[in-house]
Amino acid sequence: LVAAGTHPEALSQLRLGPSTPHLAAPSLSHFKVGILRAGLPQLPLTTLNSVVAVTQLANQLFPERDSQRWRPRSVAISVGGMNLLGCWFGAMPVCHGSGGLAAQYKFGARYGTAPVVLGSVKLLLGLLFGSSLF
């Protein structure tokens, strides 16, 4: 809304329709550069913020719930799975992040409904205006 208010010409560039997904097949040299320049430096931050911190925060915020659901191993497998699958479609790296959990909790989210609604809105925007990105 702020962008539309400050740059109204951006609205004229929006096109309806989703973008067409395509398979991104990186070369061996791309893998090497990606692992050395992004993967290894990101590893400590991802491990601490999106695995260790998020599991500790979830256990602290929801002590009455089954803590087996957010054990570090299951959260790490989930983050790794999302990124291994998404990279083939050109997706940005993602994580569960303790900041997102803390913010959603602060604004009243107590169940899985909040991330589902947020994800649904993002999916809807992508399907409606995804072709504007390319």
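See the structure above.
Please read these numbers as outputs of a predicted model, since none were measured by experiment. (Residues numbered from 1 in each chain as written. Predicted model: local features only at pLDDT ≥ 70, side-chain atom pairs only at ≥ 80, totals over all residues. Heavy atoms only, no water.)

A.B. asks: Pulling in residues and values, what's your account of the side chain of Thr55?
C.D. replies: Looking at where Thr55 falls in the secondary structure, it is placed in helix α2 (residues 28–61). We classify Thr55 as buried; its relative accessible area is 2%. Non-local contacts of Thr55, meaning those with residues more than four positions away in its chain, are made with Trp70, Arg71, Pro72 and Val75. (Helix = DSSP H or I, 4+ residues; strand = E, 2+ residues; numbered from the N terminus. Buried < 20%, exposed > 50% of the residue type's maximum accessible area, 1.4 Å probe, protein only. Contact = heavy atoms within 4.5 Å.)

A.B. asks: So what's going on with the packing of α2 against helix α3 (residues 72–86)? Residues and values would help.
C.D. replies: Viewed as axis vectors pointing N to C, α2 and α3 meet at an angle of 135 degrees, and their least axial separation amounts to 9 Å. The orientation of α2 with respect to α3, classified from their angle, is oblique. As for how α2 packs across α3, the hand of that crossing is right-handed. The residues of α3 that touch α2, namely those facing Thr46, Ser50, Val51, Val54 and Thr55, are Pro72, Val75, Ala76 and Val79. The residue makeup of the contact of α2 with α3, split by class, is 6 nonpolar, 3 polar and no charged. (Axes fitted to C-alpha atoms, helices over the stretch in contact; angles between N-to-C directions. Parallel < 35°, antiparallel > 145°, perpendicular 65-115°, else oblique. Left-handed = near helix turned anticlockwise from the far one by under 90°. Nonpolar A, V, L, I, M, F, W, Y, C, P; charged D, E, K, R; others polar.)

A.B. asks: Summarise the nonpolar core; cite the residues concerned and give the values.
C.D. replies: With 10 residues, the main nonpolar core is built from Val51, Val54, Leu57, Ala58, Leu61, Phe62, Trp70, Val75, Val79 and Leu101. Of all elements in the fold, only α2 and α3 reach the threshold of two or more residues within this core. For this core, the element with the most residues is α2, which contributes 5 residues. Other than its neighbours up to four places away in sequence, Leu101 contacts Val54, Leu57, Ala58, Leu61 and Phe62. (Core = buried A, V, L, I, M, F, W, Y, C linked by side-chain atoms within 4.5 Å.)

A.B. asks: Explain the packing of α2 against helix α4 (residues 98–106) residue by residue, including any values.
C.D. replies: Axis separation between α2 and α4 bottoms out at 8 Å; the angle between their running directions is 25 degrees. By the angle class used here, α2 and α4 are roughly parallel. Here Asn49, Ala53, Val54, Leu57, Ala58 and Leu61 of α2 come into contact with α4, specifically with Ser98, Gly99, Leu101, Ala102 and Tyr105. When its residues are assigned to classes, the contact of α2 with α4 shows 8 nonpolar, 3 polar and no charged.

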